[in-house]
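What the coordinates show
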Amino acid sequence: MMSPFFLPPQEKVLEEVLAGCRRCDERGVVDCMAHQKVGLQEEHFVPYCSVAAQCDSCSGALLLDCPHCDGGPDSMALEARKALVARWLTKESAPEVLLEKKFLRLETDAFHLLFDVEKVKNEKKMKDPHHFAHFLMRRLEGTAEIFRDHFQAKPHHLISPISIWWFSDAKEKRKVMEDVLMISSGGDIKKYTRNPVYCADATESAIQSSGPMLEAATVHNAVHILLFDMFRESWIGEKKAGWFDAGASHWYEEYFCGRVSNYCIAEANTMVDWKNGVWRSALRKWLAREDSPVLPALVNQHTGQLMPRDHALSWSLFDWVVHNHPKVIQPFLMAYKEHQPTRDIFKKHLSMTVRQVEESWRKWVQKSYPTKDAKVKRRKFPKAKL
Ligand SMILES: [Zn+2]
Ligand SMILES: [Zn+2]
Ligand SMILES: [Zn+2]
Ligand SMILES: [Zn+2]
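Throughout this description, residue numbers start from 1 for each chain and increase along the sequence as written. Numbering of ligands from 1 and lettering of chains from A proceed in the order in which they are written. With pLDDT at 70 or above as the cut-off, local features in this predicted model cover only qualifying residues; side-chain atom pairs require 80 or more to be listed or tallied, and sums for whole chains, interfaces and linings still use all residues.

Another aspect to go through is the overall build of the protein. Assigned secondary structure in the protein consists of 16 helices and 8 strands. In terms of principal-axis extent, the alpha carbons of the protein reach across some 100 × 45 × 40 Å. Throughout, a residue-residue contact means that the two C-beta atoms, derived from backbone geometry, are no farther apart than 7 Å. At a minimum sequence separation of 6, the contacts of the protein that also span at least 24 residues come to 71%. Elements are defined by DSSP. Helices are runs of H or I of four residues or more, strands are runs of E of two residues or more, and each kind is numbered from the N terminus.

This paragraph deals with the environment of V180. For V180, the location among the structural elements is in helix α7 (residues 170–181). When the 19 C-beta atoms within 10 Å are taken as the criterion, V180 is described as partly exposed. Sequence spacing of V180 and V97 is 83 residues, and the spatial spacing of their C-alpha atoms is 9.9 Å. Leave out the neighbours within four places in its chain, and V180 touches A94, P95 and L98. Counting other C-beta atoms within 10 Å of each residue's C-beta, where C-beta atoms are placed from the backbone, gives the exposure class: buried for 20 or more, exposed for 12 or fewer, partly exposed between.

Interfaces are often sized by the accessible area lost when the parts come together. Examined at the domain level, the protein breaks down into domain 1 (31–91), domain 2 (92–233) and domain 3 (234–386). Here the C-alpha centre of domain 3 lies 44 Å away from the C-alpha centre of domain 1. Marked domain ranges trace back to an automatic or database domain assignment.

Looking now at the pairing of strand β5 (residues 111–115). Within a regular beta strand, the side chains point alternately toward one face of the sheet and then the other, so they alternate between its two faces. Most of β5 sits inside the fold, with 4 of its 5 residues counted as buried. Paired strands, in this sense, are two strands between which DSSP finds at least two bridges. Summarising the sheet, strand β4 (residues 105–107) and β5 pair through 3 bridges and their orientation is antiparallel. Bridge pairing in β5 links E107 to H112. The hairpin turn running from β4 into β5, its antiparallel successor, is 3 residues long. Sheet analysis places β5 next to strand β6 (residues 162–167), joined by 5 bridges and oriented parallel. Bridge pairing links L113 to I164 in β6. With the strands aimed away from the viewer, a crossover counts as right-handed if its path from the first strand over the helix to the second runs clockwise. On the question of chirality, the crossover connecting β5 to the parallel β6 by way of helix α6 (residues 129–150) is left-handed.

Time to look at the nonpolar core. The nonpolar core criterion groups buried Ala, Val, Leu, Ile, Met, Phe, Trp, Tyr and Cys residues into a set whenever they are joined through C-beta atoms within 7 Å. In terms of nonpolar packing, the biggest core is built from 97 residues, with L113, W165, W166 and A222 touching the most fellow members. Considering every element that reaches this core, the biggest residue donor is helix α8 (residues 211–229), with 11 residues.

Counting buried positions along strand β8 (residues 197–201) gives 5 out of 5 residues, so the element sits mostly inside the fold. Where burial is concerned, the two faces of β8 agree: the one with V197, C199 and D201 and the one with Y198 and A200 are both buried. Relative to β8, β6 runs parallel, the two sharing 5 bridges. Residue pairing for β8: W166 is matched across the bridge by A200. As paired strands, strand β7 (residues 189–191) and β8 are joined by 3 bridges and run antiparallel to one another. Residue pairing across strands places I189 opposite C199, the latter belonging to β8. What sits between the antiparallel neighbours β7 and β8 is a turn of 5 residues, in which N195 has the positive phi angle 50°.

In this structure, C264 sits in the loop between α9 (242–257) and α10 (266–271). Remark: the alpha-carbon pair of C264 and F45, spanning 219 residues in sequence, is separated by 30 Å. What C264 contacts, discounting residues up to four positions off in sequence, is A246 and T303.

So, on to the sheet that holds strand β2 (residues 48–49). Read from one edge to the other, the open sheet built from 6 strands follows the order β2-β4-β5-β6-β8-β7, with strand pairing classed as mixed. Both outer strands of the open sheet, β2 and β7, are each paired with one neighbouring strand and no more. Along the sheet, α6 contacts β4 and β5; its crossing angle with β5, the most-contacted strand, is approximately 155°. Angles here are taken between N-to-C directions and fall from 0 to 180 degrees, while the axes themselves are lines fitted to C-alpha atoms, restricted in helices to the stretch in contact.

Here it is, written out as structure tokens:
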């Protein structure tokens, strides 16, 4: 074998080293190609994913050392990222510690998702739980983005990250509820505390591991918790602001899913709905027939007191605020957090009595809602601008 010293000078290679490596754009790293199924873009969107973190090639860095050069400015970043991901993966979530097992987990600054669903139903492309979990994260972040826009909030206004836990084993879910959340309940639960949690069973009768139902419940309940967690921790659902608490949660659910399938209380979800959760034309018709005022009673209830039709009315009143008085959304939330009565809030921020709000809202509904609803459509992936 000839010694390399006897080879003719490799002009091309020398040139490449001097100019930096063209294969990696002088970064010293290249993309890891083992993430095709969900897509590198989706993996980059979520800083921590337990599937990506266990990639045999990149350990979740999503990058590899460039095989064609001795490294570049991004080589150090790659090592730092690897260490960060490894540290995250060893830090188990509370359910993992309790149940002594690993779950599929995705994490952004605002949302910590635990997703234990073996196969997602009623989905063509996203049956795979890892793929669907990334979709849920897009939805959650999309929801938070529009929410911040409505409420004039910045990411740092969220007091602590929101955990969403989907289990498929009822026993495991119950154990987590009792031993981690210290709540016993048959249905799903929202824990309104520092590091708030939504915990639910994906196999329960209203969900049945169905993708669209998982999406709707995730968005809906995340909004309840965003309302609690944004600016300062306070749950308005028990401060006679049920219409605002439920109305907002329905609004985002409807915005993304095209219809409403959650009625705030787990028991209510399986029992009743109003007009199959498709509300515009039905409300328009119902309000045109109903002469007596509805708001005086509606705007003084807790979330748990609302009846199915009240949910639709609450959604519509929030819809009216979004379209006609967007600047009061944040002041409304802050005032309700201080337990102020609705009539004072309307007076102060809208210069209107409850009756005047009702009049204006009813007029707007008749003018803006269609006589027949369009076909229910799920909003396109990942999200659309308002
Ligand atoms: Zn290179
Ligand atoms: Zn992933
Ligand atoms: Zn990889
Ligand atoms: Zn709700």
